[in-house]
Structures are given as C-alpha cells and as structure tokens.
Amino acid sequence: MTESSGSVGTTGESRTNDEIWIVGATGRVGRGVTARLAARGLTVVPVGRSRGRMAAVGAEAGLPGDAKVVVADSAERIADEIARGRPRVVVNTMGAFAATAPVIARACMPGGHYVDQANDVVAVRGLLALHDEAVRAGSTLVTGAGFGVLATEAVVAKLCEGRPAPHRVRVDAVASVAVEAGLLGAALAETIADALTAGGRRYEDGRLTTSRLGADPQQLTFPDGESAKSAGVASGELIAAHAVSGAPFVTATSALVPTAPLIRALLPLLGGLLSVPALRRLAVDRLGRIRVKEATPRPRKHSWGHAVVEWADGTRREGWLRAGDGMDFTADVTATVTELLARGAGGPGAWTPAAALGAGLATTAGGTFVLD
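Overview of the structure. (Residues numbered from 1 in each chain as written. Predicted model: local features only at pLDDT ≥ 70, side-chain atom pairs only at ≥ 80, totals over all residues. Heavy atoms only, no water.)

Along the backbone of the chain there are 14 helices and 20 strands. Its C-alpha atoms give the chain a radius of gyration of 20 Å, within 12% of the compact-globule value 21 Å for 372 residues. Referenced to the eigenvectors of the C-alpha coordinate spread, the extents of the chain come out at roughly 60 × 50 × 40 Å. Expressed as a percentage of contacts within the chain between residues at least 6 apart in sequence, the contacts between residues at least 24 apart total 73%. Accessible surface, the chain as shown: approximately 16000 Å² in total, 54% of it carbon and sulfur. Both charge centroids of the chain, one from 39 positive and one from 36 negative side chains, sit 3 Å from each other. (Helix = DSSP H or I, 4+ residues; strand = E, 2+ residues; numbered from the N terminus. Rg over C-alpha atoms; globule rule 2.2 N^0.38 Å. Contact = heavy atoms within 4.5 Å. Areas by Shrake-Rupley, 256 points an atom, 1.4 Å probe, with all protein chains shown as cover. Lys, Arg positive; Asp, Glu negative; His and termini not counted. Charge placed at Lys NZ, Arg CZ, Asp CG, Glu CD.)

Listed below in structure tokens is the structure:
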C-alpha cells in the first residue's frame, strides 16, 4: 500500500499530481513503457503484486533505489490506490481489459487520464462506452494504444483525409514479434482466449454482426517484398476502422489467426469450449504457465498495418504503416500517448489512439506510412 498523494479541491474537482502509474510494470510492455517514460524525465511509479520485482524493473529503467512503487494484486485494489494517490496518468498493461479497464479507468476520474493496449471488441467497445462520463470528468481515456489498432486506424485515417465516407474498408494487422524466453504469461493467455471465444465480427450495412473466426483469409505481399497470411478476427482494429472511416462495410484480419483449413475449421469448436467459464480458467492458467525455453527473433524485418478503402464511385486506395517489432512498437505507442496526455494533449472523452491524438501519432511513435 502507499500513502495518499494528491487531494480533492473544494469545488469537487480532483487534483492530480505529476505521477504516471504503470500497472503491470513487470510484463514486457510494462517494462518497456517504464523505461521509455523514465528516460524522458517523467515521474514513473511501477504498480503490481511483487515489490521486489517492481523494484528490479525500476532499477533497470534507471529509477532511484527509493523510488515509489504501489503494491496491489487486483484491479479493484489498484482502483482504490488510484483514488487515494491521484496520479496524472495510469497505464494499464495487466491484460483482461474487458474486466480491468472500466474499473481502473473510472478510478482515474475526475481529472486523471488512462491508457491501455486492449485489442478485442468487448474491451475496446466497453472503454469507448465511457466517453460521456469521461467528458464530464475532464479525463482522457485511450484504449488500443498498441500496434494493431493504431497501425491500421492511422492508415485508414490518412487514406480518408479530405474525402467523404467510403463504402467499404478492410484492415489487416501483421505483427512481427521476437519471442522472449520465459513464461507465456497470463495477459497473453487471456488475449488468446478472448480471440477464440469472441469468434469473428464484421460491419454489415453499419451494424456489427457475427462472422466466422478465420473468415476472409488473405495472402499479403508487403512493400518490402516479404509476405504473410492473415484471417478474419473480432478485434479493436475493426472498431477503430469503422469509427474513423464511417464506412458501412468493414472487415479486419490478423496474422495471429491460423489460416490452415483444418485449424480454421476447428476454431469455432475451440471457441465454444472456452466459452465455458471453468474450461476458460483452466486453459488460461495452462497457457500462461507455458515456458518458452529459448528466445527467437522476429520472423520478418517489419510489422505492417494495412488498409484497403473503397468508395461507391469505384475509387480504391491502399496504404501501409511500417514498424519494427510489434511489441516494441506497442511500448512506443503507449509511452508516446502517455507522455502527450501527461503534458496536456488530447481532449476529454474515451478514444482510440488516432481519434484522440491524430494519425500522425503513428509516425511520432516510430512508424512510417507507405501510401498509394
């Protein structure tokens, strides 16, 4: 536990201090964000279950030995600490965003800001549903601050600049990620389970509808000559692409979805099994405990966000966003969004990254646009 810092004024508006809390600071993204923000001279506070592990993360990031940490083992306890401590920005990297994001984001209000890397339909829509509440509270909430959502959303936004709403949009997220040695971890296990249980989604005539997980398989050839396969998934990319374009027909694919016919045929069965709470808990626990024995390099030099935009008059535009390692880019995006919010950028409300801070955020975070 920590002692309270910050106060509530007589007008009822909460005053925040200059601290940035990193929830889940010992995970890969959490460590990366902690190090990046500390290097930029911001006041960073690791938040998690183990004081010793958080102290090690702080030392690795160059924080002083007596730097503040917050010890809490659940979203609810973290929310209690936020309400007492009143940090300026809270970064949630702990995963299970559909459950943790609303609890932690609400604790930041009024006045404080919130950032996460959610990339499933339920979590992203759930956070965006807090928009009016955040406006009233004077808080900025940003969900999907990572590779998939921003790398595709920003391309759609660039392709649609100065034009009326298109008729159809397809986005494809193809991350290339180096695998660290060690446990797979609960956050990634939850993400895999979320994708399987959610199945597929797409926008048809402006309505979010159910589709088959693994539908719309794509063989993508990137501007650098490399290639990869992707398939349909219910994702934050889908929600962001629809919002930024206004297109009535939107689909999204990801390279994380298997494209082999046999495996694609089994995906609905796996999703049905994991929809049983007891089986889901067991699967997440087992997946999270899988240990990767050796680190492996990323399979391709670049990660790519891709979009194809079509208008009713037959006009078609295509574009890409090139980034390096997908996880490193996610840490860069989160750190950039967090720093901007800490320095007063962005307006009150709940947003996806480019909606909050503009498509140029993708290049600020290290990406490069390749547009037709």
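So that's the structure; there's more coming.
All right, on to the pairing of strand β4 (residues 43-48) then. Burial runs high along β4: 5 of the 6 residues are buried. Of the strand pairs in this sheet, strand β3 (residues 19-23) and β4 are connected by 5 bridges, and their pairing is parallel. Opposite I22, over in β4, you have P46 as the bridge partner. Between β3 and its parallel partner β4, the chain crosses via helix α1 (residues 28-39), and the hand of that crossover is right-handed. Here β4 runs beside strand β5 (residues 70-71); their pairing, made up of 2 bridges, is parallel. Opposite V47, over in β5, you have V70 as the bridge partner. The parallel pair β4 and β5 is bridged by helix α2 (residues 51-60), and the resulting crossover is right-handed. (Buried < 20%, exposed > 50% of the residue type's maximum accessible area, 1.4 Å probe, protein only. Pairing = 2+ DSSP bridges. Right-handed = clockwise from strand over helix to strand, strands pointing away.)

Moving on, we get to the sheet that holds β5. The 7 strands lie next to each other as β5-β4-β3-β6-β7-β8-β19, forming an open sheet whose pairing is parallel. Across the chains shown, the open sheet's two edge strands, defined by having one partner strand only, are β5 and β19 (349-351). Inspection of the sheet shows strand β6 (residues 89-92) paired to strand β7 (residues 113-116) by 4 bridges, in the parallel sense. Residue pairing for β7: V90 is matched across the bridge by Y114. Across the face of the sheet, helix α4 (residues 97-108) comes into contact with β3, β6, β7 and β8 (140-142) while running at roughly 160° to β7. Across the face of the sheet, helix α5 (residues 121-128) comes into contact with β7, β8 and β19 while running at roughly 155° to β19. (Axes fitted to C-alpha atoms, helices over the stretch in contact; angles between N-to-C directions.)

So, on to the environment of E310. Relative to the helices and strands, E310 resides in strand β17 (residues 303-310). By relative accessible area, which is 30% here, E310 ends up partly exposed. With 258 residues separating them in the primary sequence, E310 and G52 have C-alpha atoms 53 Å apart.

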